[in-house]
Amino acid sequence: MPSVLHADLHLNGSSQTRVLTSRVLQSPLAGVSDKIFRALVRRWSRDALLFTEMVNATSLELGHGRGKVEELRQEAGPIGVQLFDHRPESMADAARRAEDAGAFLIDINMGCPVRKIARKGGGSGLIRDPDLACTIVEAVVAAVGIPVTVKTRLGWCSVPQGGDSHAAAMAWCRRLEAAGAQLLTLHGRTREQRFSGRADWEAIAAVKRALRIPVIANGDVFSPEDARECLGVTDADGVMVGRGTMGAPWLVGQIDAALKGLPVPPTPGASERLMIAADQLQALVAARGDHGLLIARKHMSWTCTGFNGASQFRQQLMRAPTPDQALSLLRRQQDQLA
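Note that the structure is a prediction, hence the values are computed from the model and not measured.

About the cut-offs
Residues numbered from 1 in each chain as written. Predicted model: local features only at pLDDT ≥ 70, side-chain atom pairs only at ≥ 80, totals over all residues. Heavy atoms only, no water. Core = buried A, V, L, I, M, F, W, Y, C linked by side-chain atoms within 4.5 Å. Buried < 20%, exposed > 50% of the residue type's maximum accessible area, 1.4 Å probe, protein only. Helix = DSSP H or I, 4+ residues; strand = E, 2+ residues; numbered from the N terminus. Contact = heavy atoms within 4.5 Å. Right-handed = clockwise from strand over helix to strand, strands pointing away. 1 Å grid on protein atoms, 1.4 Å probe; cavity = no way out; pocket = protein on both sides within 12 Å on 5 of 7 lines; lining within 4 Å. Points joined across faces, edges and corners; volume = space filled by probe spheres on them. Nonpolar A, V, L, I, M, F, W, Y, C, P; charged D, E, K, R; others polar.

J.: Honestly, the nonpolar core in this entry has me stumped. Any pointers?
T.: In summary, soluble globular proteins display a tendency toward joint burial of nonpolar side chains. Residues I106, I108, M110 and I255 are the most contacted members of the largest nonpolar core, which totals 65 residues. The greatest single-element share of this core, amounting to six residues, is contributed by helix α5 (residues 130–143). If near-sequence neighbours (up to four positions away) are discounted, M110 is found in contact with G123, S124, L126, I127, A133, V137, V150, K151, T152, R153, W172 and L176. Of all hydrophobic cores here, the second largest spans 21 residues; its members include L284, M300, F307 and L329.

J.: What is the right way to look at the pairing of strand β7 (residues 106–110) in this model?
T.: Of all five residues that make up β7, five are buried, and the element is covered over most of its length. Where burial is concerned, the two faces of β7 agree: the one with I106, I108 and M110 and the one with D107 and N109 are both buried. Following the chain from strand β6 (residues 79–84) across helix α3 (residues 88–101) to the adjacent parallel β7, one finds a crossover that is right-handed.

J.: For this particular structure, what's the right way to read the layout of surface pockets?
T.: Roughly 540 Å³ of internal volume is contained in the largest pocket. Forming the walls of the largest pocket are 31 residues, and the residues nearest its centre are S27, P28, L29, K151 and F195. Secondary structure elements with two or more residues in the lining of the largest pocket: α4 (115–118), β8 (148–153), β11 (238–241) and α11 (291–303). Broken down by class, the residue content of the lining of the largest pocket amounts to 16 nonpolar, nine polar and six charged. Lining of the second largest pocket is provided by 19 residues; of these, D34, K35, E53, G67 and R288 occupy positions nearest its centre. If you list the elements that add at least two residues to the lining of the second largest pocket, you get α1 (35–42), α10 (270–288) and α11.

Here's what the structure looks like:
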């Protein structure tokens, strides 16, 4: 793999072509990757493909969760909408709604390991029903003009190591390609593994060799160095980062710069992290009222690190009963670090 990736990726929908100028994607993260979080990511990366939180197609049809896809056109940079469900017609209808709202592309989730989703046939549950999975891809491709992509895993459960240990993953992903997926993001674990153990980058490499469409590697990418190593092993067309960005919205931009051969933005110091936490808190409260504090708490617990007494400070922050008191704590700690 070349150490620097400059070429754009062209994804052809039935009537529209989308161009990815960045080879790093931000994973959809339930309860995390909302509009406010994406705005923070954009401070470091203007062009990376970001995603809304995962959207239940049936709920969207019933009028729930529409806030996740509304106002997409008002955001800077490309924003994809990731859908999940086991009903092809509901998925097609949700895809049309997302396209109308301004989605850059539609991604179909076939990898979420959460039991309540998988047992109903959505997310990683579709790995166990490849015929239905392909029907869903075909239905969504027929419903929209923008590209349709898929995010999935190596399989439902682990297979014995050996000469054909990657054969099942290769066959599964070939079927998704044949159904019309324009790009595949592959998490290097099975559903059984969830997030345990190490991601199998060699398996991603085998799938990459088997497909014609672009393959994005996902799993265990927490730094620019990880991204380079992952691409060196997999020869993938890019990387998707997920858990590593929780509390670190700058990570996407750092990896993006590294893969383009540009100076990598420095990791924010403690004082800047506190400022980021305060900005996110204020934005969440402005958008969600006092409930915004409840959402902000997990973000603040991830972000407010890197200084003496950080653990005790986070405990105080989690107990702050009002947004104003939390904001006061953040500003006081900033003053102490100045």
